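# Remarks on the overall topology
Single-letter residue listing:
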Amino acid sequence: MTAEMIAPEWMHRQITSEQYDSWSEEQCAGIEVVDGMVVVSPSASKRHNRLARLLANALDEAGGGEWNADTDFDVRLQDVPLNNRRPDVVVYRADTIDESPTRPEHVLLLVEVVSPGSETTDRVVELDQYATAGIPFYWRVEQAAGRVPVVHTYVLDEAARAYRAGEVFLGRVEAVAPYAVEIDLGGL
């Protein structure tokens, strides 16, 4: 069995932002690009997707007319080498809805829901990448079947380009900067 039988040739070489931008939405779905290399993400569980959608809906409502919250699209952290992440929830400036790609300066908050297999990436790798890119807020949501989700919040220290840990919430998030949000996740 050859590598080509397992994954297409383009997944074995570094790609540029121009190449990535020429691909269709279908080609880009379910992948991220880290240091120019394509990383395939397995499909998330229904629990994971539901939690991301609930968070996005609550954050979208809280954002009013200034901020939108959505799921399942790319955030271009840098062009060279290409770093394109697909966070579970992105809160971005409403006036940039038609701009593509979404850039760090458009983003207020990124949320990652930790799934089996993504623990190290969500807890360490993305934390560093998002801070380096200058994303002001990052939330990491830990979930386990039958348990209330735990939301870990991080705030960017702009001078250090690193996050400092914020508050940790169990199942309910209230009055979290930059705007008030109340989310009851107890039913998941």
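Everything that follows concerns the structure shown earlier in this document.
The sections below set out a description of the structure shown in this document. (Residues numbered from 1 in each chain as written. Predicted model: local features only at pLDDT ≥ 70, side-chain atom pairs only at ≥ 80, totals over all residues. Heavy atoms only, no water.)

## What to know about the pattern of salt bridges
Here the structure, examined in full by the defined rule, presents nine salt bridges. Close ionic contact of R93 with D95 constitutes a salt bridge, the shortest N to O distance being 3.1 Å. Through salt bridges that share partners, D21, R76, D79 and R103 make up one connected network. (Salt bridge = Lys/Arg side-chain N within 4 Å of Asp/Glu carboxyl O.)

## With respect to the sheet that holds strand β10 (residues 162-170)
Here six strands make up an open sheet; going across it, the order is β3-β6-β7-β8-β9-β10 and the pairing mixed. Edge strands, defined here as strands with exactly one partner in the open sheet, are β3 (67-70) and β10. On average, each strand axis in the sheet is tilted by 15 degrees relative to the strand beside it, whichever way the strands run. (Pairing = 2+ DSSP bridges. Helix = DSSP H or I, 4+ residues; strand = E, 2+ residues; numbered from the N terminus. Axes fitted to C-alpha atoms, helices over the stretch in contact; angles between N-to-C directions.)

## A word on unusual backbone geometry
Cis geometry marks the peptide bond from V80 to P81; its omega dihedral reads -20 degrees. Inspection of the secondary structure assignment puts P81 in the loop between β4 (75-78) and β5 (83-85). A cis amide bond links S100 to the next residue, P101, at an omega of 5 degrees. With respect to the element layout, P101 can be found in the loop between β6 (89-93) and β7 (107-113). In this structure, D72 takes a positive phi of about 60 degrees despite not being glycine. Within the secondary structure, D72 sits in the loop between β3 and β4. For R161, which is not glycine, the phi torsion reads 50 degrees and is therefore positive.

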